Amino acid sequence: MNPLIRSDKFLTWFAPGLVGVLLLLAWEVACWHLAVPDYIVPRPSVIATTLRLDFVILMKSLWVTMQITFMAFVLATLMGTLIAFVFVQSRWIEISFFPYAVLLQVTPIAAIAPLIIIWVKDTMLALTVCATIIALFPVIANTTLGLRSVNPGLASLFRMQRASKLQTLLRLQIPTALPYWFAGLRISSGLSLIGAVVAEFVAGTGGQGAGLAYQILQAGFQINIPRLFAALFLISVAGIALFVLMLLASKRAIGHWHDSEATTET
């Protein structure tokens with residue numbers, strides 16, 4: 001068999017792509033064969049046509065949603081990383097405050113988003129706060145776990161060499177925590193997008209500041225199901241793009257030295 005076909009890189013991109021194409025073909029054929037109306041389930045070709053015709057409107061809305069997503073992701077990354085650094089300084093601090101960090105994960109954002117939107121007058125800032133709350137916990141949890149997952153032998157070696165806390169943090173704990181940190185970023189990036197969309201649904205913002213969630217709501221009210229599916233498609237593509245970007249960043253940062261990013265060609 002051709003070595004290219006057997007390679008991990010080829011399979012990583014080809015296999016999912018092939019499955020996606022087959023699913024789209026099956027979807028197209030099934031809708032055509034069963035004569036399913038477009039206002040129930042539109043065919044992929046109809047969705048593609050809608051994307052072309054409504055490209056300007058949908059891309060403007062995508063840009064609004066992605067602005068909220070990126071701001072929330074940056075805030076969640078900075079805040080989550082700093083909180084994790086504080087947690088590992090003392091076991092008492094972690095035990096005392098970690099349960100409150102868990103509240104960020106278990107509290108339904110749809111329940112508190114109306115309050116945030118009332119308290120924060122600027123709509124864009126309110127939506128960013130909602131998305132940040134959703135995206136924050138994975139960064140805290142993964143970074144804290146990574147900073148605490150130091151090899152005991154290496155930790156003893158640093159103590160024997162009389163390394164300071166700062167030296168131990170910079171040269172041992174942070175390199176050890178990097179794979180965990182990037183794993184948290186991959187989760188947080190997707191949750192930032194989810195948080196932005198959920199916050200937009202709750203806020204119901206329209207006009208020039210309309211995000212993709214607003215376009216979905218409007219399409220549902222107008223029974224414009226192809227546009228609804230087109231907006232959902234853009235959200236899905238944006239989520240996949242964020243995940244891939246985080247994956248590439250992880251491979252670029254630690255792929256040349258850490259076992260978690262090592263790949264073997266077969």
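Everything below is about the structure shown above.
Small disclaimer: the values here were computed from a predicted structure and weren't measured.

Could you clarify how one ought to interpret the overall build of the protein chain in this entry?
The secondary structure content of the protein chain amounts to 11 helices and 0 strands. Taken from the N to the C terminus, the helices and strands of the protein chain come in the order α-α-α-α-α-α-α-α-α-α-α. Within the protein chain, the proportion of its 266 residues that are buried is 36%. Considering only contacts in the protein chain between residues 6 or more positions apart, those separated by 24 or more positions represent 74%. Here the protein chain has roughly 15,700 Å² of accessible surface; of this, 72% comes from carbon and sulfur atoms.

Please explain the packing of helix H3 (residues 44–53) against helix H11 (residues 225–254) as it appears in this structure.
In helix packing, the relevant descriptors are the interaxial angle and the interaxial distance, both defined with respect to the helix axes. It is the contact of H3 with H11, at a shortest axis distance of 9 Å, that shows an interaxial angle of 80°. When the axis of H3 is compared with that of H11, the two are roughly perpendicular. Residues Val46, Ile47, Thr50 and Leu51 of H3 lie in contact with H11, whose contacting residues are Pro226, Arg227, Phe229, Ala230, Phe233 and Leu234. Along the lines of polarity and charge, the residues of the contact of H3 with H11 split into 8 nonpolar, 1 polar and 1 charged.

When you look at the nonpolar core in this model, what are you seeing that I'm missing?
Nonpolar side chains in soluble globular proteins tend to be buried together. In this structure, Ile68, Ile109, Ile116, Cys130, Ala131 and Ile140 are the most contacted members of the largest nonpolar core, which totals 23 residues. Breaking this core down by element, the ones donating at least two residues are helix H4 (55–87), helix H6 (109–119), helix H7 (123–148) and helix H9 (165–203). The biggest single contributor to this core is H7, with 11 residues. Sequence-distant contacts of Cys130, that is, excluding residues within four places in its chain, are made with Ile109, Ala113, Ile116 and Ala199. In terms of nonpolar packing, the next biggest core, distinct from the first, is built from 18 residues, Leu58, Ala219, Leu234 and Leu242 among them.

Hey, could you run me through a nonpolar patch on the surface in this one?
A cluster of nonpolar side chains, namely Phe14, Leu18, Val21, Leu22 and Leu25, defines an oily patch on the protein surface of about 460 Å² accessible area. Looking at the secondary structure, you find Leu18 in helix H2 (residues 8–34). Relative accessible area serves as the criterion here: at 39%, Leu18 is assigned to the partly exposed category.

I tried to follow the packing of H4 against H11 on my own but got confused; where do I start?
Two numbers describe how H4 lies on H11: the axes approach to 11 Å, and their chain directions differ by 35°. The crossing of H4 and H11 is right-handed. In this structure, H4 uses Ile57, Leu58, Leu62, Met66, Thr69, Phe70 and Phe73 to contact H11, whose residues at the interface are Arg227, Ala230, Ala231, Leu234, Ala238, Leu242 and Met246. For the contact of H4 with H11, the class distribution of residues is 12 nonpolar, 1 polar and 1 charged.

Can you help me understand the environment of Pro226 in this one?
Checked against the element boundaries, Pro226 lands in helix H11. Along the chain, Pro226 and Ile40 lie 186 residues apart, while their C-alpha atoms are 9.1 Å from each other. If near-sequence neighbours (up to four positions away) are discounted, Pro226 is found in contact with Asp38, Pro42, Val46 and Thr50.

Can you walk me through H7 in this structure?
If you check H7, its first and last C-alpha atoms are 38 Å apart, about what 26 residues at 1.5 Å a residue would give, namely 38 Å. Where H7 bends most, the angle comes to about 35°, and this point is Ala135, followed within four residues by the proline Pro138. The element H7 is extensively covered by neighbouring structure, given that 20 of its 26 residues are classed as buried. N-cap assignment for H7: the residue whose side-chain oxygen lies 3.2 Å from the backbone N of Met124 is Asp122.

About the thresholds
- Residues numbered from 1 in each chain as written.
- Predicted model: local features only at pLDDT ≥ 70, side-chain atom pairs only at ≥ 80, totals over all residues.
- Heavy atoms only, no water.
- Helix = DSSP H or I, 4+ residues; strand = E, 2+ residues; numbered from the N terminus.
- Buried < 20%, exposed > 50% of the residue type's maximum accessible area, 1.4 Å probe, protein only.
- Contact = heavy atoms within 4.5 Å.
- Areas by Shrake-Rupley, 256 points an atom, 1.4 Å probe, with all protein chains shown as cover.
- Axes fitted to C-alpha atoms, helices over the stretch in contact; angles between N-to-C directions.
- Parallel < 35°, antiparallel > 145°, perpendicular 65-115°, else oblique.
- Nonpolar A, V, L, I, M, F, W, Y, C, P; charged D, E, K, R; others polar.
- Core = buried A, V, L, I, M, F, W, Y, C linked by side-chain atoms within 4.5 Å.
- Patch = residues over 30% accessible without salt bridge, like charges linked within 9 Å, V, L, I, M, F, W, Y side chains within 5 Å.
- Salt bridge = Lys/Arg side-chain N within 4 Å of Asp/Glu carboxyl O.
- Left-handed = near helix turned anticlockwise from the far one by under 90°.
- Expected span 1.5 Å × (residues − 1).
- Bend = angle between axes of the 7 residues up to and from the residue.
- Polar contact = N/O pair within 3.5 Å; in protein donor to acceptor, adjacent residues only side chain to side chain.

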